[in-house]
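# Coordinate analysis (summary)
One letter stands for each residue in the lines below.
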Amino acid sequence: MISRIRGVLTQLTDQYALIENSGVFYEIRLPSALVERLKDENRVATEIEFETIYYIEAGDKKSSHYPHLVGFTSPVDREFFSLFIQVPGMGVKKALRSLILPVSEIAAAIETKDADKLKRLPGVGGRLADKIVAELVGKCARFALARGSQPLAAAKTDSAPQFVDDAMDILVQLQYSPTEAQQMIDNAMRHNPKVKQAEDLISIIFKSSQLLKGDE
């Protein structure tokens, strides 16, 4: 299992970092707030070290499983994230979007059984907030005491629906850049505003690409 990577940060997008170490390039998913901090610090082309979590993203019955790395600059953040995603219903993607409060505040809410505060996290409704408290109370006190704790996810006032995020992930896996993928999604949604599933959105994008090829 890969638990730590040190190398040169060669590329930084809204979803991942590319790290070069001895001629090997590692793609590492990052929490959105960490991406913003690294951009503000102009860390591209400098050496950096990430504490990492390795996980397998399961596809559907007809598709492959995909290995991924998630990276953090703090071992405390990595440890809390590892604990947080153990809650049933809290997957890696949802956790990466939801942690818009400092880790210390979320941990304190868990320890004080403040489910109302947890419900305000993106993607966390009342039922999942209760599960988080039930599963993690008594395990988060030391995280609540962490100094200098920062949010892992950047708050978004106009967050995209889940199926749009899923379609974005699929397109990035297919080697489109996040900018290209966003343009394709925006165009498809503009002409098909009633679409509600990632599979349908990808199908529309595919059909549009075939029409463009036919015009060439």
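So, here's what we can say about the structure. (Residues numbered from 1 in each chain as written. Predicted model: local features only at pLDDT ≥ 70, side-chain atom pairs only at ≥ 80, totals over all residues. Heavy atoms only, no water.)

Let us now look at the overall build of the protein. Helix and strand counts for the protein come out as 10 helices and five strands. Relative to the 2.2 N^0.38 estimate, which gives 17 Å for 216 residues, the radius of gyration of the protein is 19 Å and therefore close to what a compact globule would have. Looking at the protein as a whole, 38% of its 216 residues are labelled buried. For the protein, contacts bridging at least 24 residues in sequence account for 56% of all contacts bridging at least 6. In the structure as shown, the protein presents an accessible area of about 12,600 Å², 50% of it carried by carbon and sulfur atoms. Computed over 27 positive and 29 negative side-chain charges, the separation of the two mean positions in the protein equals 5 Å. (Helix = DSSP H or I, 4+ residues; strand = E, 2+ residues; numbered from the N terminus. Rg over C-alpha atoms; globule rule 2.2 N^0.38 Å. Buried < 20%, exposed > 50% of the residue type's maximum accessible area, 1.4 Å probe, protein only. Contact = heavy atoms within 4.5 Å. Areas by Shrake-Rupley, 256 points an atom, 1.4 Å probe, with all protein chains shown as cover. Lys, Arg positive; Asp, Glu negative; His and termini not counted. Charge placed at Lys NZ, Arg CZ, Asp CG, Glu CD.)

Now for the side chain of E51. With respect to the helices and strands, E51 occurs in strand β4 (residues 47-57). Within polar-contact distance, the side chain of E51 engages the side chain of R78 at 3.4 Å. (Polar contact = N/O pair within 3.5 Å; in protein donor to acceptor, adjacent residues only side chain to side chain.)

Turning our attention to the packing of helix α2 (residues 75-84) against helix α4 (residues 103-111). Close contact between α2 and α4 brings their axes to 11 Å; oriented N to C, the two are set at 40°. When the axis of α2 is compared with that of α4, the two are oblique. For the element pair α2 and α4, the recorded crossing hand is left-handed. Two secondary-structure elements touch here, α2 through D77, F80 and F84 and α4 through V103, I106, A107 and I110. A breakdown of the residues in the contact of α2 with α4 according to their chemical character gives six nonpolar, no polar and one charged. (Axes fitted to C-alpha atoms, helices over the stretch in contact; angles between N-to-C directions. Parallel < 35°, antiparallel > 145°, perpendicular 65-115°, else oblique. Left-handed = near helix turned anticlockwise from the far one by under 90°. Nonpolar A, V, L, I, M, F, W, Y, C, P; charged D, E, K, R; others polar.)

Counting 31 residues, the largest nonpolar core has F80, F81, F84, L118 and I132 as its most contacted members. Those elements giving two or more residues to this core turn out to be β4, β5 (66-72), α2, α3 (92-98), α4, α5 (115-119) and α6 (126-136). Excluding its chain neighbours within four sequence positions, the residues that come into contact with F84 are M90, A95, S98, L99, I106, I132 and L136. Counting residues in each nonpolar core, the second largest holds 15 residues, with Y16, F163, I185 and L201 among its members. (Core = buried A, V, L, I, M, F, W, Y, C linked by side-chain atoms within 4.5 Å.)

Within the sequence span of α6, burial applies to L128, A129, I132, V133 and L136. Buried residues of α6, viewed axially, fall in a sector of 140°; they line one side. Across from the buried face of α6, at angles greater than 90 degrees, the exposed residues are R127 and A134. G138 occupies a position one or two residues after α6 and carries a positive phi of about 90°. (Arc of directions from axis to C-beta.)

Another aspect to go through is the pairing of strand β1 (residues 4-12). By the bridge criterion, five bridges tie β1 to β4 in an arrangement that is antiparallel. If you follow V8 over to β4, its bridge partner there is E47. When β1 meets strand β2 (residues 16-21), the two strands line up antiparallel, connected through four bridges. Its bridge partner being in β2, L9 is matched across the sheet by I19. Here β1 folds back onto β2 in antiparallel fashion, the turn holding three residues. (Pairing = 2+ DSSP bridges.)

By themselves these figures say nothing about function.
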